[in-house]
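Residue strings, one per chain:
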Amino acid sequence: MKPGIHPAYGPVVFRDSASGTAFLTRSTMTSDKTVVWEDGVTYPLVDVEISSASHPFYTGTARVLDTAGRVERFERRYGAR
């Protein structure tokens, strides 16, 4: 890779605004906001609207669609052949 053309890659805290859960990870994102993490070090803070802590797919609250009604309606309309 060419030196000097890539953004700085370092530790960042992402905070889920829906659940309040925070994650410390590495990223190229930056922010003017900072937070003191559990280890006592200050890191940039990036607020996100949704993460794995609040997403319906990962929390198990996703809705299941009723496909049986669709199949029956199709068979009524076009007949089971």
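Only a predicted model underlies this, so the values are computations on that prediction, with no experimental measurement involved.

Requested: an account of the pairing of strand E2 (residues 22-27), with residues and values cited.
Bridging between strand E1 (residues 10-16) and E2 involves six bridges; their strand directions are antiparallel. In the sheet register, Pro11 faces E2, and the bridge partner there is Arg26.

Any chance you could break down the sheet that holds E2 for me, citing the residues and the numbers?
One open sheet accounts for four strands, arranged E2-E1-E4-E3; its pairing is mixed. Two strands lie at the open edges of the sheet, namely E2 and strand E3 (34-36), each paired on one side alone. Direction aside, the axes of adjacent strands within the sheet are offset by 45° on average.

Please give an account of the pairing of E1 that cites residues and values.
For E1, the tally of buried residues reaches five of seven residues, placing the bulk of the element in the interior. Taken together, E1 and the strand that follows it, E2, pair antiparallel across an intervening segment of five residues, in which Gly20 is found at a positive phi of about 85°. Here E1 pairs with strand E4 (residues 42-48) via four bridges, running parallel. Looking at E4, one finds that Arg15 is bridged to Asp47.

Quick rundown of the packing of aromatic side chains? Include the residues and the values.
Throughout the structure, instances matching the rule amount to one aromatic pair. The interplanar angle of 50° and the centroid separation of 5.0 Å between the aromatic rings of Phe74 and Tyr78 together place this pair among those described as tilted. On the criterion of helical spacing, the pair formed by Phe74 and Tyr78 is a turn pair, its members being four residues apart in helix H2 (residues 68-78).

Scoring rules and cut-offs
Residues numbered from 1 in each chain as written. Predicted model: local features only at pLDDT ≥ 70, side-chain atom pairs only at ≥ 80, totals over all residues. Heavy atoms only, no water. Pairing = 2+ DSSP bridges. Helix = DSSP H or I, 4+ residues; strand = E, 2+ residues; numbered from the N terminus. Axes fitted to C-alpha atoms, helices over the stretch in contact; angles between N-to-C directions. Buried < 20%, exposed > 50% of the residue type's maximum accessible area, 1.4 Å probe, protein only. Phe/Tyr/Trp six-rings, centres within 6.5 Å; stacked < 30°, edge-to-face > 60°.

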